[in-house]
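Here is what each chain is made of, one letter per residue.
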Amino acid sequence: MDDFAQKLRGKLGKYESKYAHRPIAMILKVVGFSVLELLAILFKSLKKTYPQKTTFDNVKFTVCFELLGGYGDIVVVANYIEKFAKKFGPNIEINITSDRQLTTCKDIFWGKSYIKGIIQKKTECNFCAKIILTRYPIIDYIDKRSKKLNPKLYDYLQFLFEFNKNNPESYDWAYPFDFVATNRELLKGNTRTTMMDIGGRIGVKDSQFRLMYDENAKSILNKYGLEKCSFATIQRGAQASAEATKIMSLQKYNEFTSKFKRRFPDVKLVQLGRADTTKLENIDVDLRGKTDANELKATLDAAKIHIDCECGMVHLKNALNKGRSVVFFGPTSPDFFAYEQNLNFRISSCKVPFCEWLDKDWTKKCIAGLEENRCINKIDIDDVIRRIVEEKIFD
């Protein structure tokens, strides 16, 4: 009931702003939401009460992880899955599924022998347990008959189920649940990487997952004259939008590329990203839309440093042998998302340390009502260049 109440409060906030002058529409929305929640509770109850299979002939404890979120989210949760495999193996079998990120999952878990398969959600088989994973692990179901296969794992999954039940915000994500969860985990001393390891039972201490890729992909370096030179990669974009609040303005990016090339004329600047993102000034090699997943990994791996906002490519660079990045932070928290080897920049221009998911429109506009996002667009580019020089990145 606490879970339903928490979700309802979140919905009421949305309905209040959208249907303020349409009370009947608001009532219908509340009723519709309540009915759907009732059906979901009944369905989950049935799944947990009755076995998922009419026969049970498993030899191994089969687990399916359903992964949500974008590229960066999946790179981060890969730390948890890898530790999970080491903690409870070898008598387990792990499969990955995703509704919209199946190709991404294949790219990230390429070469990982502990992954049995990456399967489409619609062809999902019956498993001993299924875990939905984005920020917290959410137990979707556990087959009680599987306990005999791996009692230690079964008990751990029951522990997670109790956590979900007692912490309703762990069942949901986005507004306002991620804001609440981030603050709670920061108070505990956790980061985006370690927050999934509830109670520290898996042993996720920091980001230890390492991406693998086909060595033949390094041929792209030779193709674009990067094999024997010093270069930095740069991107301006995050997920579907190049103008999100977490991305520094085009003017500031071009100020950076200009001053970077003035200070490091012999270092090539290589622009990465989707083909539909805006080309930056002072770019030596334009690889927007020209790399496949393996070539992207190979290029990032060879770069001396990567320059970006807080987004998926920064997580990729970190997962390639803890590669370093220059990261421009805006609404998201450096304390929560940053990697210690990176050069992380953010201006503390607001009364709150971060505003990610404080409002449902945080990606579209500054919550403080400012025309420009000062937290990211007031970053001193001269200070950024000075820090790169001090770190002797290209010496």
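Residues numbered from 1 in each chain as written. Predicted model: local features only at pLDDT ≥ 70, side-chain atom pairs only at ≥ 80, totals over all residues. Heavy atoms only, no water.

## Quick look at the overall build of the chain
Across its full length, the chain carries 13 helices and 11 strands. The 395 residues of the chain split such that 50% are buried. Per element, the accessible surface of the chain, about 19,200 Å² overall, is 51% carbon and sulfur. (Helix = DSSP H or I, 4+ residues; strand = E, 2+ residues; numbered from the N terminus. Buried < 20%, exposed > 50% of the residue type's maximum accessible area, 1.4 Å probe, protein only. Areas by Shrake-Rupley, 256 points an atom, 1.4 Å probe, with all protein chains shown as cover.)

## Overview of the sheet that holds strand β10 (residues 325–328)
Spatially, β8-β7-β6-β9-β10-β11 is the arrangement adopted by the six strands of the open sheet, whose pairing is parallel. Across the chains shown, the open sheet's two edge strands, defined by having one partner strand only, are β8 (285–286) and β11 (343–345). As paired strands, strand β9 (residues 305–309) and β10 are joined by four bridges and run parallel to one another. Note on β10: the bridge partner recorded for His306 is Ser325. The sheet strands contacting helix α10 (residues 312–319) are β9 and β10, and the helix crosses β9 at an angle near 155°. (Pairing = 2+ DSSP bridges. Contact = heavy atoms within 4.5 Å. Axes fitted to C-alpha atoms, helices over the stretch in contact; angles between N-to-C directions.)

## Re the environment of Arg192
Residue placement: Arg192 occurs in the loop between α6 (177–187) and α7 (219–223). As for Arg192 and Arg135, which are separated by 57 residues in sequence, their C-alpha atoms are 7.5 Å apart. Discounting chain neighbours no more than four positions away, the residues touching Arg192 are Asp73, Val76, Val77, Thr134, Arg135, Phe336 and Phe337. Of note is the side chain of Arg192, whose polar atom sits 3.1 Å from the side chain of Asp73. Within the structure, Arg192 has its side chain in polar contact with the backbone oxygen of Thr134 (distance 2.8 Å). (Polar contact = N/O pair within 3.5 Å; in protein donor to acceptor, adjacent residues only side chain to side chain.)

## Topic: the sheet that holds strand β2 (residues 92–98)
The strand order β3-β2-β1-β4-β5 describes an open sheet built from five strands, whose pairing is mixed. Two strands in the sheet have a free side with no partner beyond their single neighbour: β3 (115–120) and β5 (137–142). Each adjacent strand pair in this sheet contributes to an overall mean axis angle of 25°, direction not counted. Taken together, the five bridges between β2 and β3 define a ladder with parallel strand orientation. By the bridge assignment, Thr97 is partnered in β3 with Ile119. Contacting β1 (61–67), β2, β4 (129–133) and β5, helix α5 (residues 151–166) runs over the sheet at an angle of about 115° to β5.

## What to know about unusual backbone geometry
Here the residue pair Gly89 and Pro90 is connected by a cis peptide bond, since its omega of 5° sits within 30 degrees of zero. Of note, Pro90 is situated in the loop between α3 (71–88) and β2. Non-glycine residue Asn282 carries a positive phi angle of around 65°. Mapped onto the elements of the fold, Asn282 is located in the loop between β7 (268–271) and β8. Here Asn282 falls in the partly exposed class, since its relative accessible area comes to 37%. Within the chain, Trp357 stands out as a residue other than glycine whose phi angle is a positive 65°.

## Points about the nonpolar core
By size, the foremost hydrophobic cluster in this structure holds 98 residues, and its most contacted members are Phe65, Phe84 and Leu157. Non-local contacts of Phe65, meaning those with residues more than four positions away in its chain, are made with Tyr80, Ile81, Phe84, Ile94, Asn95, Ile96, Thr97, Ile131 and Leu133. (Core = buried A, V, L, I, M, F, W, Y, C linked by side-chain atoms within 4.5 Å.)

## A closer look at the pattern of salt bridges
Applying the stated criterion across every chain yields a total of 19 salt bridges. Note that Lys130 is salt-bridged to Glu66, the shortest N-O span being 3.0 Å. Of the two residues, Lys130 is situated in strand β4 and Glu66 in strand β1; the sequence distance between them amounts to 64 residues. Residue Lys130 shares its accessibility class with Glu66, and that shared class is buried. Arg386 serves as the salt-bridge partner of Asp383, at 3.2 Å between the closest nitrogen and oxygen. Taken together, the residues Asp383 and Arg386, both in helix α13 (residues 381–390) and three residues apart, mark about one turn of the helix. One connected set of salt bridges, linked through shared partners, spans Lys252, Glu255, Lys259 and Asp382. (Salt bridge = Lys/Arg side-chain N within 4 Å of Asp/Glu carboxyl O.)

## Describing the packing of α3 against α10
The contact between α3 and α10 brings their axes to 7 Å, and the two run at 30°. The element α3 and its partner α10 pack so that their crossing is left-handed. The segment α3 lies against α10, with Tyr71, Gly72, Val75 and Val76 engaging Gly312, His315, Leu316 and Ala319. Grouping the amino acids of the contact of α3 with α10 by side-chain chemistry returns five nonpolar, three polar and no charged. (Left-handed = near helix turned anticlockwise from the far one by under 90°. Nonpolar A, V, L, I, M, F, W, Y, C, P; charged D, E, K, R; others polar.)

## Notes on the packing of aromatic side chains
Taken as a whole, this structure holds 18 aromatic pairs when the rule is applied. Consider the rings of Phe179 and Phe354, whose centres lie 5.4 Å apart with planes at 50°: the pair is tilted. Here Phe179, found in helix α6, pairs with Phe354, found in the loop between β11 and α12 (374–377); they are 175 residues apart in sequence, far enough to count as distant. The exposure class of Phe354 is buried, given its relative accessible area of 3%. A ring pair is formed by Phe256 and Phe260, whose centres lie 5.6 Å apart and whose planes are at 35°; its orientation type is tilted. Taken together, the residues span about one helical turn, with Phe256 and Phe260 both in helix α8 (residues 250–263) at a distance of four residues. A relative accessible area of 0% places Phe260 in the buried class. Linked through ring pairs, Phe65, Tyr80, Phe84, Phe88, Tyr156 and Phe159 together constitute an aromatic cluster. Lying over the aromatic face of Phe209, Lys112 brings its terminal NZ or CZ to 4.6 Å of the ring centre. Geometry around Phe264 places Arg263 over its ring, the cationic atom sitting 5.3 Å from the centre. (Phe/Tyr/Trp six-rings, centres within 6.5 Å; stacked < 30°, edge-to-face > 60°. Lys NZ or Arg CZ within 6 Å of the ring centre and 35° of its normal.)

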